[in-house]
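Structural characterization, general
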Amino acid sequence: MQDAPRGRIADRPADLTAAVPPVRVFVAGATGVLGARILPLLTRAGHTVAGMTRTPGKAELVRSLGAEPVVCDVYDAGALTSAVERFRPDLLLHELTDLPDTAEELPARRAGNARIRVEGTRNLIDAAIASGCSRLLAQSIAWALPPGDGAAAVQTLEDAVLGFGGVVLRYGQFYGPGTFYPDAPPGAPRIHVDAAAARTVAALNQPSGIITIVEHEQRSPAG
C-alpha cells in the first residue's frame, strides 16, 4: 500500500528535533490505543493536558495518565464546545476513531468511523474556533481506501483540518500491544504504536500541512 495523493499541501517529514515549548493540549480520543500512550508523554514533557473520553468509567484512567479528565461525547456539539472553552487549550489533538477491538469487526464499524471523521472533526473544529484555539493536529491514515464512504470521509477530514490551518497526521497501520497486530507487524505502511505516540508529541509545533508517520524505511512522498 502507498500513501494516497490526498490533500492540498504536499506531504513532508516533520522536524522531530525541534523543541516543543509547554502548551495546554486538549486530547480528543484520550483513552484509545494511541491516545492513552500520548497522555503520559505530554505530561512528562511539561504540557498541561485535558483528556476527553465519552465513557465516565474511563475518567480515572485519564487522571492516572496525568491528564484532567473531560467526559464528553464529540457528537454533543454544545457540551463539547463548553468543555473546550473551559480548558482554553493552545492546541487540540484529534485522535478520535470509532474502531472495534478486533479486525474481524471492522466491516460493521466502518460507518461509525466515517461519521467520526466527518461530523466529529467538524464539531472539534467548531469548538476550537469558539475557544480561540488556533492549533489542531488530527489523525488520518497513510494508505488509500477503496472508493466509497470511508475514502470520502478521510478526504473530508483532511480538507477540513487543512482548511483550518491544522496538521494532518497520516499514520501507518499500528502494531504492538493493544492493536490489531499485537504480535507480528502488518505490511507497509506501518508504525509501532509507541513510536507513533512519540512522534506525535514531537510534532506538536509543526506548521500546517500533512505529516506521514510510518517506519522510516517505508517512506515514499505523496503524489
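Preceding block: the structure.
Residue numbers here run from 1 along each chain, matching the order of that chain's written sequence. A pLDDT threshold of at least 70 governs which residues receive local features in this predicted model, and a stricter bar of 80 or more applies before side-chain atom pairs are shown or counted, although totals over entire chains, interfaces and linings include all residues. For side-chain calculations, the full set of non-hydrogen atoms in the structure is used, while hydrogens and water are omitted.

Moving on, we come to the pattern of salt bridges. When a carboxyl oxygen of Asp or Glu is within 4 Å of a side-chain nitrogen of Lys or Arg, the pair counts as a salt bridge. On inspection of all chains with the given rule, the structure shows five salt bridges. Arginine 37 is the partner of aspartate 194 in a salt bridge, and the nearest nitrogen-oxygen pair spans 2.6 Å. Of the two residues, aspartate 194 is situated in helix α6 (residues 193-202) and arginine 37 in helix α1 (residues 35-44); the sequence distance between them amounts to 157 residues. Using a 1.4 Å probe on the protein chains alone, a residue whose accessible area is under 20% of its type maximum counts as buried, one over 50% counts as exposed, and one in between counts as partly exposed. Overall, aspartate 194 belongs to the partly exposed group, its relative accessible area being 39%. The salt bridge partner of arginine 115 is glutamate 119, with a shortest N-O separation of 2.9 Å. Helix and strand assignments come from DSSP, with helices taken as H or I runs of at least 4 residues and strands as E runs of at least 2, each series counted from the N terminus.

All of the buried residues along α1 are Gly35, Ile38, Leu39, Pro40 and Leu42. Residues of α1 that are buried in the fold lie against β2 (24-28), β3 (48-53), α2 (59-64), β5 (91-94) and α6. Contacts are residue-level and defined by heavy atoms, with any inter-residue pair within 4.5 Å sufficient.

Bringing α6 into the picture now. Think of an α-helix as turning once every 3.6 residues; residues three or four places apart then point the same way. For α6, the buried fraction is high: seven of the 10 residues fall into the buried class. Burial in α6 covers these residues: Val193, Ala196, Ala197, Arg199, Thr200, Val201 and Ala202. The secondary structure elements touched by the buried residues of α6 are α1, β5, β7 (167-171), β8 (173-175), β9 (190-192) and β10 (209-213).

In β5, alternate side chains face the same way, and those of Leu91 and Leu93 on one face and Leu92 and His94 on the other are all buried. By the bridge criterion, four bridges tie β2 to β5 in an arrangement that is parallel. If you follow phenylalanine 26 over to β5, its bridge partner there is leucine 92. A pair of strands counts as paired when DSSP detects no fewer than two bridges linking them. Here β5 runs beside strand β6 (residues 135-141); their pairing, made up of four bridges, is parallel. Residue pairing in the sheet places leucine 91 in a bridge with arginine 135 of β6.

Throughout, nonpolar core names a set of buried Ala, Val, Leu, Ile, Met, Phe, Trp, Tyr and Cys residues whose side chains join them through atoms within 4.5 Å. Counting 29 residues, the largest nonpolar core has Val25, Val27, Leu34, Leu39, Leu42, Leu93 and Leu169 as its most contacted members. If you list the elements that add at least two residues to this core, you get β2, α1, β5, β7, α6 and β10. Per-element tally for this core: the top contributor is α6, with four residues. One finds Cys72, Cys133, Ala138 and Leu157 within the second-largest nonpolar core, a separate group that totals 28 residues.

Centre-to-centre distance and the angle between the planes together describe a pair of aromatic rings. To pair, rings of Phe, Tyr and Trp, with the six-membered ring standing in for Trp, must have centres within 6.5 Å; the planes then decide the type, stacked if under 30 degrees apart, edge-to-face if over 60, and tilted in the middle. Counting across every chain of the model gives two aromatic pairs. Centroid distance tyrosine 171 to phenylalanine 174: 5.3 Å. Interplanar angle 65°. Geometry classified as edge-to-face. Note on accessibility: tyrosine 171 and phenylalanine 174 belong to one class, buried. The rule is short: NZ of Lys or CZ of Arg within 6 Å of the ring centre and within 35 degrees of the ring normal puts a charge over the ring. Geometry around tyrosine 75 places arginine 115 over its ring, the cationic atom sitting 3.5 Å from the centre.

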